[in-house]
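An overview of the molecular structure
The lines below spell out each chain.
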Amino acid sequence: MIDLEATTVPWIDPERRKPLCDVPWLGTSVVLSDGKVNFCCYTSAVAGNVNELTFDEIWNGPVMRNIRSELAQNRFPVECKTDSCPIFRGDTLNYLRVRMDGEESLVLCGRKELAGTELTASRTPERRVSIAIETQNSAGVRAVDLFVAIKRPNGTLYFLPEGDELPIPCAVSASIPEDNQRLVIGEWPLEEEALADEGNEVWAAFLFPESNPNVPANVLWADRVVV
C-alpha cells in the first residue's frame, strides 16, 4: 500500500480538481420518448436524437465533446448554466458536490480499515499480466469503485478491463471481502514490445462508490507494482 499523502495515483492532477463535473463522462443519460437525449438529469439540454444518430455517435459527438472540453477547463458550458444544476448554483450540500469534492473524514476512516492491503502482479509464460489484491479489511464487506491501470514507461495509461486510454477512467463496481482474502482481478495480455520494456507499472485503487476518480480525497486505497 502506498502512502496516499505522499503519492498520487497517476490519473489524478493534485493541483486542481478536473473537471468541474464528471457527469458527461460517467453519468447516466436519459432518452426521451421522442428520441431526444439528455446527458444529465439536471438539465433539459439536448445532445442529439437517437432517431437521427446512433447513441454512440451522440455520446461521442461534437456537442458532448464540447461540453467535456469546457468542464475540463473549469468552465461551465451553456448546457450546464441552469439553476437546476447543484454545482452551477453553488449548492455545497448536494450529493453531486460531495462526490466531486470528496469527504475527507470518511475517506481517512476507510483508509485505516484497509491498512495492509497489497496489490500483486506478475507476468505469466503466456505473455499476460496476472493481477490480484490481497485484502486486509477490518470492517465488514463494503462496496467500492475499483480502478486498475497499466502505466507504460512513456507515461501512457491503459485502463482495464478493456485496455482503454481515457482522460477519465471508468470504474468497475466491486466488493471488498471481510477480513483477509485474495481478490483476483484477472489476467490481461501485454503487447510483445511492452513485455520487452522494463518499468511497466500496474496501479490499482479503491474509491468510494460513484465518487469522482480525479479527486485525491476520494481514494480509499491505492498500490502499485512494477512488472
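Residues numbered from 1 in each chain as written. Predicted model: local features only at pLDDT ≥ 70, side-chain atom pairs only at ≥ 80, totals over all residues. Heavy atoms only, no water.

**Notes on the sheet that holds strand 9 (residues 179-189)**
- One open sheet holds the three strands; their spatial order is 4-5-9, and the pairing between them is antiparallel. On the outer flanks of this sheet lie strand 4 (118-123) and strand 9, each paired with one strand and no other. Each neighbouring strand pair of the sheet contributes to a mean axis angle of 15°, computed without reference to strand direction.
- Pairing of strand 4 with strand 5 (residues 128-137), which is carried by six bridges, proceeds in the antiparallel orientation. Opposite Thr-120, over in strand 5, you have Ala-132 as the bridge partner. (Pairing = 2+ DSSP bridges. Helix = DSSP H or I, 4+ residues; strand = E, 2+ residues; numbered from the N terminus. Axes fitted to C-alpha atoms, helices over the stretch in contact; angles between N-to-C directions.)

**Overview of the side chain of Asn-38**
- Secondary-structure assignment places Asn-38 in strand 2 (residues 36-38).
- Sequence-distant contacts of Asn-38, defined by excluding residues within four places in its chain, comprise Ser-29, Val-30, Leu-32, Thr-43, Ser-44, Ala-45 and Val-46. (Contact = heavy atoms within 4.5 Å.)

**Some details on unusual backbone geometry**
- A positive phi angle, close to 60°, is found at Asn-74, a residue other than glycine.
- On the secondary structure map, Asn-74 appears in the loop between helix 3 (62-72) and helix 4 (95-101).
- Of the residues examined, Asn-74 reaches a relative accessible area of 30% and is grouped as partly exposed. (Buried < 20%, exposed > 50% of the residue type's maximum accessible area, 1.4 Å probe, protein only.)

**Digging into the pattern of salt bridges**
- Across all of its chains, the model carries three salt bridges by this definition.
- Ionic pairing is found between Asp-34 and Lys-36, a salt bridge with its closest N-O pair at 3.9 Å.
- Asp-34 gets classed as partly exposed once you look at its relative accessible area, which sits at 38%.
- Since its relative accessible area comes to 36%, Lys-36 is described here as partly exposed. (Salt bridge = Lys/Arg side-chain N within 4 Å of Asp/Glu carboxyl O.)

**Things to note about the confidence of the model for the protein**
- Across the protein, the average pLDDT comes to 78, with 78% of residues at 70 or higher.
- When mean pLDDT is compared element by element in the protein, strand 3 (residues 46-49) scores highest at 94, while helix 6 (residues 192-196) scores lowest at 54. (pLDDT = per-residue confidence, 0-100.)

**Remarks on a nonpolar patch on the surface**
- A grouping of Val-31, Val-50 and Phe-55 is seen on the molecular surface, where their side chains present a nonpolar patch of about 210 Å² in accessible area.
- Tracing the backbone shows Phe-55 in helix 2 (residues 55-59).
- Of the residues examined, Phe-55 reaches a relative accessible area of 32% and is grouped as partly exposed. (Patch = residues over 30% accessible without salt bridge, like charges linked within 9 Å, V, L, I, M, F, W, Y side chains within 5 Å. Areas by Shrake-Rupley, 256 points an atom, 1.4 Å probe, with all protein chains shown as cover.)

**What about the nonpolar core?**
- By size, the foremost hydrophobic cluster in this structure holds 24 residues, and its most contacted members are Leu-119, Val-129, Ile-131, Ile-133, Ile-185, Val-202 and Phe-206.
- At the level of secondary structure, the elements contributing two or more residues to this core comprise strand 4, strand 5, strand 6 (142-151), strand 8 (172-176), strand 9, strand 10 (201-207) and strand 11 (219-226).
- Counting residues per element, this core draws most heavily on strand 6, which supplies four residues.
- In this structure Ile-185 touches Ile-131, Ala-132, Ile-133, Leu-146 and Val-148, once residues within four positions along its chain are discounted.
- By size, the runner-up hydrophobic cluster in this structure holds 19 residues, among which are Cys-21, Trp-25, Cys-80 and Leu-96. (Core = buried A, V, L, I, M, F, W, Y, C linked by side-chain atoms within 4.5 Å.)

**Observations concerning the sheet that holds strand 2**
- Here we have three strands laid out as an open sheet, ordered 1-2-3, and antiparallel in their pairing. Looking at which strands have only one partner, the edges of the open sheet turn out to be strand 1 (30-31) and strand 3.

**Some details on the state of the cysteines**
- What the rule picks out here adds up to zero disulfides.
- Of the cysteine sulfurs around Cys-21, a residue in no disulfide, the closest is that of Cys-85, at 6.2 Å.
- Overall, the relative accessible area of 10% leaves Cys-21 in the buried class. (Disulfide = S-S within 2.5 Å.)

**A look at the side chain of Asp-145**
- With respect to the helices and strands, the residue Asp-145 is situated in strand 6.
- For Asp-145, a relative accessible area of 7% gives the class buried.
- In contact with Asp-145, not counting residues within four places along its chain, are Ala-171, Val-172, Ser-173, Ala-205, Phe-206, Leu-207, Phe-208, Pro-209, Glu-210 and Ser-211.

**As for the packing of aromatic side chains**
- Enumeration according to the criterion identifies three aromatic pairs in this entry.
- For the pair Phe-55 and Trp-59, a centre-to-centre distance of 5.8 Å together with 15° between the ring planes defines the contact as stacked. In this pair, Phe-55 and Trp-59 both sit in helix 2, four residues apart, roughly one turn of the helix.
- By relative accessible area, which is 15% here, Trp-59 ends up buried.
- The cationic tip of Arg-68 hangs over the ring face of Trp-59; the distance from NZ or CZ to the ring centre is 5.1 Å. (Phe/Tyr/Trp six-rings, centres within 6.5 Å; stacked < 30°, edge-to-face > 60°. Lys NZ or Arg CZ within 6 Å of the ring centre and 35° of its normal.)

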